[in-house]
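This is what each chain is made of:
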Amino acid sequence: PQFISEAVLQKTQDLENLMGDSADDTQSDDEEVDTACDELTRRSLLQMCATCSRNRSPHHFKSESKSQCTQCFKAWIPRGIRYQGDELKTVHGKTPIRLLGIHHNMWLDAKSQRRKVIDSAIEVAAYLYKNDNLRIDQRLKVISMCLPSLFSFSAPLIDWPESDLKLLTAVWIRAYKNAWNLGKSTANCLFTFPRDKGGLQVKLPLGTLFTSVWGNLERCSQFDDGTRQMLALCYQEALQENGCLDLLELQDASQHLSWKVASANEVTFACYLANKLDIRVDWEPFHPDLIASAPDATLSALACQVKLPLSIQIEGVMLTATCRDTGPDSTMTIQVGDREYSIPVDGQARNPGLPSLRECISRSYGQARWLYELPGMATDPESDEWADGVKTIRIPRHLGIGVGTSRQGPPHCITSIQAGSLIARNGSALVGEFITHIDTISTATMHYSELHRALQGPEYSAVSLVIADLQGNAQTISVLRSPPKTCQISWARAVKPLRDRRRELQETIRGLTKDEERESASLSMGEAAFVRLWPKLRAHGFHTFDTIPRLNPSVARTKFSCPILGKADTADTLLLTEWLDKLRTVEGHVASLELAHARPTLLPSMGGSRQSLIRRQRTLALLHDRAEVVAHRLMRLELSSSLWGVRIREIREACYHLHKVGAQVGNPLQCYRSAEEGTTALRAALAVVEHNRPGFERHRQQSHWPRLTAQANEAALLQLNALATSLGNSAVKLNLGADLRVTRLPALIRRLYNKCRRDPLEKEAHRSWWETMVTLCRAALRKGKSWPESHDRAIQEVAESWEHPDWLA
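Definitions and cut-offs
Residues numbered from 1 in each chain as written. Predicted model: local features only at pLDDT ≥ 70, side-chain atom pairs only at ≥ 80, totals over all residues. Heavy atoms only, no water. Helix = DSSP H or I, 4+ residues; strand = E, 2+ residues; numbered from the N terminus. Buried < 20%, exposed > 50% of the residue type's maximum accessible area, 1.4 Å probe, protein only. Contact = heavy atoms within 4.5 Å. Areas by Shrake-Rupley, 256 points an atom, 1.4 Å probe, with all protein chains shown as cover. Axes fitted to C-alpha atoms, helices over the stretch in contact; angles between N-to-C directions. Parallel < 35°, antiparallel > 145°, perpendicular 65-115°, else oblique. Left-handed = near helix turned anticlockwise from the far one by under 90°. Nonpolar A, V, L, I, M, F, W, Y, C, P; charged D, E, K, R; others polar. pLDDT = per-residue confidence, 0-100. Patch = residues over 30% accessible without salt bridge, like charges linked within 9 Å, V, L, I, M, F, W, Y side chains within 5 Å. Salt bridge = Lys/Arg side-chain N within 4 Å of Asp/Glu carboxyl O. Pairing = 2+ DSSP bridges. Expected span 1.5 Å × (residues − 1). Phe/Tyr/Trp six-rings, centres within 6.5 Å; stacked < 30°, edge-to-face > 60°. Lys NZ or Arg CZ within 6 Å of the ring centre and 35° of its normal. Core = buried A, V, L, I, M, F, W, Y, C linked by side-chain atoms within 4.5 Å.

(A) Fine view of the overall build of the chain. Scanning the chain for helices and strands turns up 27 helices and 18 strands. Evaluated residue by residue, the chain yields a buried proportion of 39% over its 809 residues. Intrachain contacts of the chain at a sequence separation of at least 6 include 56% that bridge at least 24 residues. Accessible area for the chain stands at about 47200 Å²; split by element, carbon and sulfur atoms hold 53% of it.

Below is the structure:
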């Protein structure tokens, strides 16, 4: 009764006076009060474990140790481990220990460290409350010197739940109140509001956490070491999980995450804090013009090209060295006076040994982060500058072949190789080598602009290059000019208006109309479906928004659809399609995505798959007819051109075979991809003919054409052979994929029957395939299980039928 207030007693008496079910209501209220009393009593009886620091009920402390809970007392602890005769000290895995200034246990639980930070802040607030002999400016000085430093040291290294940060914020605000001699009932908005709204705008834990987290990320990215590699993995994971392409998009997408979800990734959490404080951070930690981002070959080649001066310690004396040339095994030669030394490009110095190139750059130019900040690398008057004043060294990339060359040529040194280009895949040229000839034309008298024009050319055309290394060894390579790179559109950028509108409707204070309520419900359901389907979209390769199916008769009427996702819920796919269709209602958004510059979509939507397949098959059939006409005309020309006709017919047969395999053994998506790949290959083959013989398709009556050079003829044959080989490899991959999906004997027998019916003359190949697949199916069985006897009899009958004259029957 001592826990029951007068208001509760009065309410109980009023309920007793009611007629009917008044007794039941009184009993209900009594149960509610008793429950609250029991909860207070239970909390007062909780005891803290001295090992894990958790508050537990008394029944958890029935072990021999009254200060440890049963779980900690019964946990295994290694004992008897000795080193040089002395027994090593062991502690419980959940006991907090201090390592590198951070208190946490072996389970990486940093609750003790957070408790110490909060307790230290409470001590500062109590000190300011008790000491009246300090002026206000002195008290504020104590706060600025103590509170941020106590928190910022461990803030970016441990997990801070939102509840603990709110508690720490309350302590800080109390310390500010004590510093200004204000009562505890003073409104907190006086300290949290910015100055333009009448507040003091003091430094709070959230701002300190923001500064500490971003500063830690910047320190991790300064040098090319293990921490930078870990940051790169974390950076890519954050972008991929949230469907973003850069940090600015990630900052916009993080506003839709909770504190707990965002704190699982350091980069995502940093962007979440920036969005929470309404701060835009424009930072590119892995920009190619950063010293730490530059590959070893690029950095050493540029250092030798500009003769970069370095400060290096040799035998205890600091000397000035000059970079000379690159050596084998990631080494570089430097000159100190009249002597030459070889140093590694990357890594740490060994004892005894000389420091690496990166260590010398870090010691000689400690504040330099960009390549243009090194002497001699930003002297080009034509180098571009960013709009915000940050200079960058321009490494030109000729999109035709995927290499970048120096502006100071001749000689023309390769300074970069575009990722994904033919040269990068083949490894036929390296950074630091020189381009001496282009199509038998010497580059010794070419300027940079002339070289640029010589490397450009029509798509799918070949160019011959003579590449020489530093020792003068030359090689001739043939490079196929690739199409220009298309832009990408991230999911975060595409769906941002829909998510912002949903949040705006949910956070509105005024009452919503019925239309707005329906809109809010529709947007919420669509976004929930997108969140559920996002893992499946990533698993099927739809990492960017421009890869999903779209129908764009015009920019204003562009319709987006959910792609086919296998076993995805049909209701979710329909909800996602309806949600994406609302993008058309956002004024100017579809036009701002610049879909015309993005890659064309190859995959069908849920609604129009059949119609799209028929259209693609018709396009492929038309290209087959065009290729046959061109091949027939080429066969009637001289021998070199007749070989082109033979190759084009091989490409036609390979296209037909690939499309047939995709329709027979592939899934719907593979069928579409095989049709699109065949269409692209035929178009490329016709483009090769048109490039070497302009107007060949249009002038069908012309029977005499000028003879091509041997080099041009060889390059054309090389391209046509590559197209036929690529189609054949795709068909082989489809067959292998279909084989790997077969793990049961009935399906395997059906595949054998279909293969034998299609190719009855390939008996030995079918037999070898059958024996291999039977072995794989046996291996795929779970451990301890075996096939039924009927399966063994079927396998024996197939084995006996191979020797029968009428084996196919």
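After that view, the rundown keeps rolling.
(B) Fine view of the packing of helix α13 (residues 296-305) against helix α14 (residues 357-364). Contact geometry for α13 and α14: axes closest at 11 Å, N-to-C directions at 60°. Relative to α14, α13 is oriented oblique. Of the two possible hands of crossing, α13 and α14 adopt the one that is left-handed. Where α13 abuts α14, its residues D296, L299 and S300 lie against L357, R358 and I361. Looking at the contact of α13 with α14, its residues break down into 3 nonpolar, 1 polar and 2 charged.

(C) Expanded view of the confidence of the model for the chain. Taken as a whole, the chain shows an average pLDDT of 77; of its residues, 81% reach a score of 70 or greater. This model gives residues 379-399 a pLDDT under 50, and the stretch forms 44 contacts once residues within four places in sequence are excluded. The low-confidence segment residues 602-611 (pLDDT under 50) makes 23 contacts with residues lying over four places distant or belonging to another chain.

(D) Geometry of a nonpolar patch on the surface. Taken together, the side chains of I136, W180, L182, L190 and L200 define a hydrophobic patch exposed on the protein surface, amounting to about 350 Å² of accessible area. Of note, L200 is situated in the loop between α7 (189-192) and α8 (205-220).

(E) Quick peek at the pattern of salt bridges. Using the criterion set out here, one finds 20 salt bridges in the structure. A salt bridge links R139 to D132, with the nearest nitrogen and oxygen atoms 3.9 Å apart. Classification of R139 as buried rests on a relative accessible area of 2%. The exposure class assigned to D132 is exposed, which follows from its relative accessible area of 65%. Taken together, the shared-partner salt bridges connect R499, R502 and E527 into one network.

(F) Quick look at the packing of α8 against helix α12 (residues 266-276). Viewed as axis vectors pointing N to C, α8 and α12 meet at an angle of 140°, and their least axial separation amounts to 10 Å. As judged from the angle between their axes, α8 and α12 are oblique. Read as a crossing pair, α8 and α12 show a hand that is left-handed. Taking contact as the criterion, the partners of L206, L209, F210, V213, W214 and L217 in α8 are, on α12, E266, V267, F269, A270, C271, L273, A274 and K276. Of the residues assigned to the contact of α8 with α12, the class counts are 12 nonpolar, no polar and 2 charged.

(G) Region of interest: the sheet that holds strand β9 (residues 331-336). Spatially, β7-β8-β9-β10 is the arrangement adopted by the 4 strands of the open sheet, whose pairing is antiparallel. Looking along the sheet, the strands with just one partner apiece sit at the ends: β7 (309-314) and β10 (339-344). Sheet twist, expressed as the average angle between the axes of neighbouring strands with direction ignored, equals 45°. Alignment of strand β8 (residues 317-327) against β9, held across 5 bridges, turns out to be antiparallel. Residue pairing across strands places D325 opposite T333, the latter belonging to β9.

(H) Structural context of the side chain of S300. With respect to the helices and strands, S300 occurs in helix α13. The exposure class of S300 is buried, given its relative accessible area of 4%. If we skip the residues at most four places from it in the chain, S300 touches T326, M332, V345 and L357.

(I) Structural context of the pairing of strand β15 (residues 462-468). For β15, the tally of buried residues reaches 6 of 7 residues, placing the bulk of the element in the interior. Relative to β15, strand β13 (residues 434-438) is paired through 4 bridges, and the arrangement is antiparallel. Across the sheet, H437 pairs through a bridge with V466, a residue of β15.

(J) Quick look at helix α4 (residues 111-130). In this model α4 runs 28 Å from its N-terminal to its C-terminal C-alpha over 20 residues, within 8% of the 28 Å that 1.5 Å per residue would give. Burial in α4 covers these residues: S112, Q113, R114, V117, I118, A121, V124, A125 and L128. Where α4 is buried, its residues meet β6 (102-104), α5 (136-152) and α6 (162-179).

(K) Focus on the environment of L209. Secondary-structure assignment places L209 in helix α8. Residue classification places L209 among the buried positions, given a relative accessible area of 1%. The sequence separation of L209 and P156 amounts to 53 residues, and the corresponding C-alpha distance is 7.0 Å. Apart from the residues lying within four places of it in its own chain, the contact partners of L209 are F151, A155, L165, W259, F269 and L273.

(L) Expanded view of the pairing of β9. Counting buried positions along β9 yields 5 of 6 residues, so the element is predominantly enclosed. Here β9 runs beside β10; their pairing, made up of 6 bridges, is antiparallel. Across the sheet, the residue bridging to I334 is Y341, located in β10.

(M) Local environment of unusual backbone geometry. You will see that Q201, though not glycine, has its phi angle at about 55°, which is positive. On the accessibility criterion, Q201 (41% relative accessible area) is partly exposed. Located in the positive-phi region is D439, a residue other than glycine, with phi close to 50°. With respect to the helices, strands and loops of the structure, D439 is situated in the loop between β13 and β14 (441-442).

(N) How the structure looks around the packing of aromatic side chains. Enumeration over the complete set of coordinates arrives at 14 aromatic pairs. Centroid distance W491 to W534: 6.1 Å. Interplanar angle 70°. Geometry classified as edge-to-face. Of this pair, W491 sits in helix α17 (residues 491-507) while W534 sits in helix α18 (residues 514-539), and the two are 43 residues apart along the sequence. We classify W491 as buried; its relative accessible area is 1%. Looking at R633, its charged tip hangs above the ring of F696, at a distance of 4.1 Å from the centre. Here the guanidinium or amino end of R693 rests over the ring plane of W644, the centre of that ring lying 5.7 Å away.

(O) Expanded view of the nonpolar core. Judged by nonpolar contacts, the single largest core of 52 residues is most densely connected at F151, L209, W214 and L273. Secondary-structure elements contributing two or more residues to this core are α4, α5, α6, α8, α9 (226-242), α10 (247-253), α11 (259-262) and α12. Sort the elements by how many residues they give to this core and α6 lands first, with 8 residues. With residues near it in sequence (within four places) discarded, W214 still touches L247, A270, C271, A274, V281 and W283.

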